[in-house]
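Structural characterization, general
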Amino acid sequence: MSDSKLWLQEKDDREAFYASVKKYYDTSSPTVDTTLGGLTHLAKPDVMFSCSLIKELIDSDAISKTHLKRALDVGAGEGRVSENVLSLYFDEIDLVEPNESLVKASVTKSPHVRIKKRIISSIEKYIPTVKYGVVWAQWVFSHILDRELSVILKNIHGYLEPNGLLVIKDNFIEDSYSAGKGIVPDDDAYPVLCDDIGLVIRTMSDMVLLLQEFGFKVHIFRRDEGVMAAEKGIFPVYAIVAKRI
Ligand SMILES: C[S@@+](CC[C@H](N)C(=O)[O-])C[C@H]1O[C@@H](n2cnc3c(N)ncnc32)[C@H](O)[C@@H]1O
């Protein structure tokens, strides 16, 4: 069991963690500045990286024509990723976001015609009737503890197309896995919990182990050097592309 799985076993502590997440979004204005934690200048390099990643996946046939039919944007905020990244490639995009103000803001801030459904829900409660070729979860799994994330990964596995991709873009702690040495015990790399703001920064190995547990295989992972150059001192930003197996 990873360290992060040992955290917040008590119901009260877990509820306090999720209350912190909710409080942050409920008491902030529904803007990109809020969803990027005040680091709006990261939006441009982030979008450039994500577009080049999707192009790489299409060029290598990891994303097939079938997969391009429908994507899901998880924890979409006011639709920044749907509007600037996913709508360039996918025929239809659904976005899921629990904060009603952000969903409302998305209608004007992210009006792309390819964004079909704007669902006000947390991802753990979302059970779609359609399948998605790609599920994109950006800067959202760090708001979710392992116990709930396990349920979410199991659900996503169920509504991804065969060989569909789950892309997790988030801050991670670098370790043996990101160094290309696989998953080996690494005393210098441990997850970081900021329970006052409801954030868990996982090690790359912990994230990969969870993915493996729920039927995913890491296809590729990439470090977003553009974002890292634009803001020094943040936890490293990676995209982990996991294939449904
Ligand atoms: C840091 S923002 C990132 C927004 C967007 N993905 C982006 O990159 O611009 C995190 C978003 O995840 C949402 N969120 C938090 N917990 C969630 C959950 N359990 N299910 C779905 N979304 C959640 C928040 O309301 C917020 O809009």
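None of the values given here were measured: they were computed from a predicted structure.

Definitions and limits used
- Residues numbered from 1 in each chain as written.
- Predicted model: local features only at pLDDT ≥ 70, side-chain atom pairs only at ≥ 80, totals over all residues.
- Near = placed C-beta within 6 Å.
- Helix = DSSP H or I, 4+ residues; strand = E, 2+ residues; numbered from the N terminus.
- Nonpolar A, V, L, I, M, F, W, Y, C, P; charged D, E, K, R; others polar.
- Pairing = 2+ DSSP bridges.
- Right-handed = clockwise from strand over helix to strand, strands pointing away.
- Axes fitted to C-alpha atoms, helices over the stretch in contact; angles between N-to-C directions.
- Contact = placed C-beta atoms within 7 Å.

Lining the immediate surroundings of the ligand are 22 residues, of which Gly-75, Gly-77, Ser-122, Ile-123 and Trp-139 lie closest. At the level of secondary structure, the elements contributing two or more residues to the shell around the ligand comprise helix H2 (11-26), helix H5 (80-84) and strand S2 (92-97). Taken together, the residues of the shell around the ligand break down into 12 nonpolar, seven polar and three charged.

As paired elements, strand S4 (residues 132-138) and strand S5 (residues 160-171) share six bridges and run parallel to each other. Opposite Trp-136, over in S5, you have Val-167 as the bridge partner. Once the chain exits S4 it traverses helix H7 (residues 146-159) before rejoining the sheet at S5, and the crossover so formed is right-handed. Note: S5 against strand S9 (residues 237-244), seven bridges, orientation antiparallel. Pairing of Asn-171 across the sheet is with Val-237, part of S9.

Glancing now at the sheet that holds S5. As summarised here, the arrangement of the seven strands in space is S3-S2-S1-S4-S5-S9-S8, forming an open sheet in which the pairing is mixed. Looking at the sheet topology across the chains shown, the edges are occupied by strand S3 (115-120) and strand S8 (216-223). With strand direction ignored, the average angle separating the axes of adjacent strands in the sheet is 15°. Packed onto the sheet, helix H6 (residues 100-109) meets S2 and S3 and runs at close to 160° relative to S3. Across the face of the sheet, helix H8 (residues 204-213) comes into contact with S5, S8 and S9 while running at roughly 150° to S8.

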